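One letter stands for each residue in the lines below.
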Amino acid sequence: MSKVSYVSGLFLGALATVVIMNQAATASGAPGSESVKDKIEHATEPFDGMKVTTAYPLPVKMVESKEHYQGGSFRVLARKGQITRFRCSVCHNDKPVKVQNGVLFTHSDIQLNHGLGRNMLTCNECHSIEDRDFLVDKEGRKIDFDHSYQLCGKCHFRQKRDWLGGAHGKRETYWAGERVVRNCTSCHNPHSPAFPTKMPATYSLPLDE
Ligand code: HEC
Ligand code: HEC
Ligand code: HEC
Ligand code: HEC
């Protein structure tokens, strides 16, 4: 072994020791600073009884669907973290509202354009009156905001059936078993759900030269 490579070997050895010591320090350190080993162990923990055996990163905010497709469960992107006004009960508690034009001050950003003409939907067809932290189904039972596909499905049952099978909407990761799909409200704004019409870009053939 030449002298140069011996010296550089020594240097690398010292560097490795420093790195390892650093890792050990972070592993036992502040919360959230997981070591690689912790992360692997965490990733192989069973999720709702299903084992995640692959290291492919799953979306963090997801919930197990309350409905099954061909006997198998799947997962849906969670919504509550995306709703800026959640929790609604911060304001919608049993205390009387003291301000005038409360709706204007708080919800004027919501422009309803859902349903045709006189059949325009109203807030309470979707939102629970008793508990604003929830949506409601046909029978008045509460629906969690993370499971809003159940709300849409009470009227758009055909789109929901297609969505269950994977023909409407979009898959986030995987095909079956651990399939993770987008929620209806990941794409549609529930207050104005139709997408604006988009025309294809036109193209004119160049003139003959
Ligand atoms: C910053 C306070 C605040 C928050 C947070 C809030 N609201 Fe409101 N909301 C109000 C006030 C004030 C009114 C008007 C008084 C009333 O109807 O109670 C209102 C009215 C409403 C109405 C009735 C509108 C109408 O035209 O009659 C609905 C539905 C509603 N809120 C839903 C929600 C939902 C769902 C959430 C959570 C995602 C939420 N609100 C969060 C303050 C708030
Ligand atoms: C078609 C059903 C439907 C109707 C009608 C409806 N909402 Fe909503 N609303 C929803 C759903 C579903 C969400 C959650 C959207 C999400 O997942 O991001 C929501 C979210 C909200 C939020 C939270 C928005 C945010 O990002 O902070 C407020 C506030 C709200 N609705 C108030 C109202 C009010 C007021 C009305 C009536 C003027 C109304 N909604 C009518 C279904 C509806
Ligand atoms: C109470 C019944 C009801 C609920 C709940 C409901 N919708 Fe609707 N929706 C309607 C009606 C009625 C129309 C208008 C019918 C039409 O235009 O053909 C409509 C129209 C739509 C359209 C536009 C259709 C088009 O061809 O332009 C979309 C997209 C849509 N809804 C998505 C949703 C989503 C997403 C949810 C859940 C957040 C939802 N709806 C919840 C009744 C409902
Ligand atoms: C990945 C995004 C995405 C998701 C998730 C999604 N949709 Fe759609 N949806 C669309 C697009 C894009 C269209 C076509 C819009 C157009 O033609 O203007 C559409 C169209 C619709 C229409 C209009 C009628 C039709 O079939 O063309 C309804 C109603 C509807 N969706 C309801 C739902 C419901 C209910 C869910 C959840 C069960 C859902 N969508 C989930 C993107 C999505």
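Coordinates for the structure precede this section.
In short, a report on the structure. The structure presented is a predicted model; accordingly, all values stated were derived computationally and were not measured.

## Quick word on the overall build of the protein
Then step 1. When helices and strands are counted, the protein shows seven helices and eight strands.
Then step 2. If you take every contact in the protein between residues at least 6 apart in sequence, the share linking residues at least 24 apart comes to 43%.

## Side note on the sheet that holds strand β8 (residues 180-181)
Then step 1. Strand order in the open sheet formed by four strands is β3-β4-β8-β7, and the pairing between neighbours is mixed. Bordering the open sheet on either side are β3 (62-64) and β7 (171-173), each of which pairs with just one other strand.

## Quick notes on the site of ligand 4
Then step 1. Of all residues adjacent to ligand 4, which total 17 residues, the nearest are C152, G169, K170, C184 and C187.
Then step 2. Residue classes in the shell around ligand 4 are distributed as seven nonpolar, seven polar and three charged.

## Remarks on the site of ligand 2
Then step 1. Around ligand 2 sit 21 residues in total, of which R85, C123, C126, T185 and P190 are the nearest.
Then step 2. For the shell around ligand 2, the leading source of residues is helix α4 (residues 123-126), giving three residues.
Then step 3. Taken together, the residues that form the shell around ligand 2 break down as 10 nonpolar, eight polar and three charged.

## A short note on the environment of L112
Then step 1. Examined against the element boundaries, L112 turns out to sit in the loop between α3 (102-107) and α4.
Then step 2. Given 12 C-beta atoms within a 10 Å radius, L112 is considered exposed.
Then step 3. Residues L112 and P190 lie 78 residues apart in sequence; the distance between their C-alpha atoms is 8.6 Å.

## Notes on the nonpolar core
If you look at soluble globular proteins, the nonpolar side chains tend to sit buried side by side.
Then step 1. Listed in full, the 12 residues of the largest apolar core are F74, V76, L77, L135, I143, F145, Y149, L151, C152, W163, V181 and C184.
Then step 2. Contributions of two or more residues to this core are made by β4 (75-77) and α5 (149-153).
Then step 3. When residues in this core are grouped by element, the largest group, three residues, is from α5.
Then step 4. Not counting the four nearest positions on each side in its chain, Y149 is found in contact with V76, K160, W163, N183 and C184.

## Things to note about the environment of F74
Then step 1. Take F74: it is sitting in the loop between β3 and β4.
Then step 2. Put simply, F74 and W175 are 101 residues apart on the chain and 9.6 Å apart in space, counted from C-alpha to C-alpha.
Then step 3. In this structure, F74 is in contact with S65, Y69, R179 and V181, ignoring residues within four places of it in sequence.

Reading the values: rules and limits
Residues numbered from 1 in each chain as written. Chains lettered and ligands numbered in written order. Predicted model: local features only at pLDDT ≥ 70, side-chain atom pairs only at ≥ 80, totals over all residues. Helix = DSSP H or I, 4+ residues; strand = E, 2+ residues; numbered from the N terminus. Contact = placed C-beta atoms within 7 Å. Pairing = 2+ DSSP bridges. Near = placed C-beta within 6 Å. Nonpolar A, V, L, I, M, F, W, Y, C, P; charged D, E, K, R; others polar. Buried ≥ 20, exposed ≤ 12 C-beta atoms within 10 Å, placed from the backbone. Core = buried A, V, L, I, M, F, W, Y, C linked by C-beta atoms within 7 Å.

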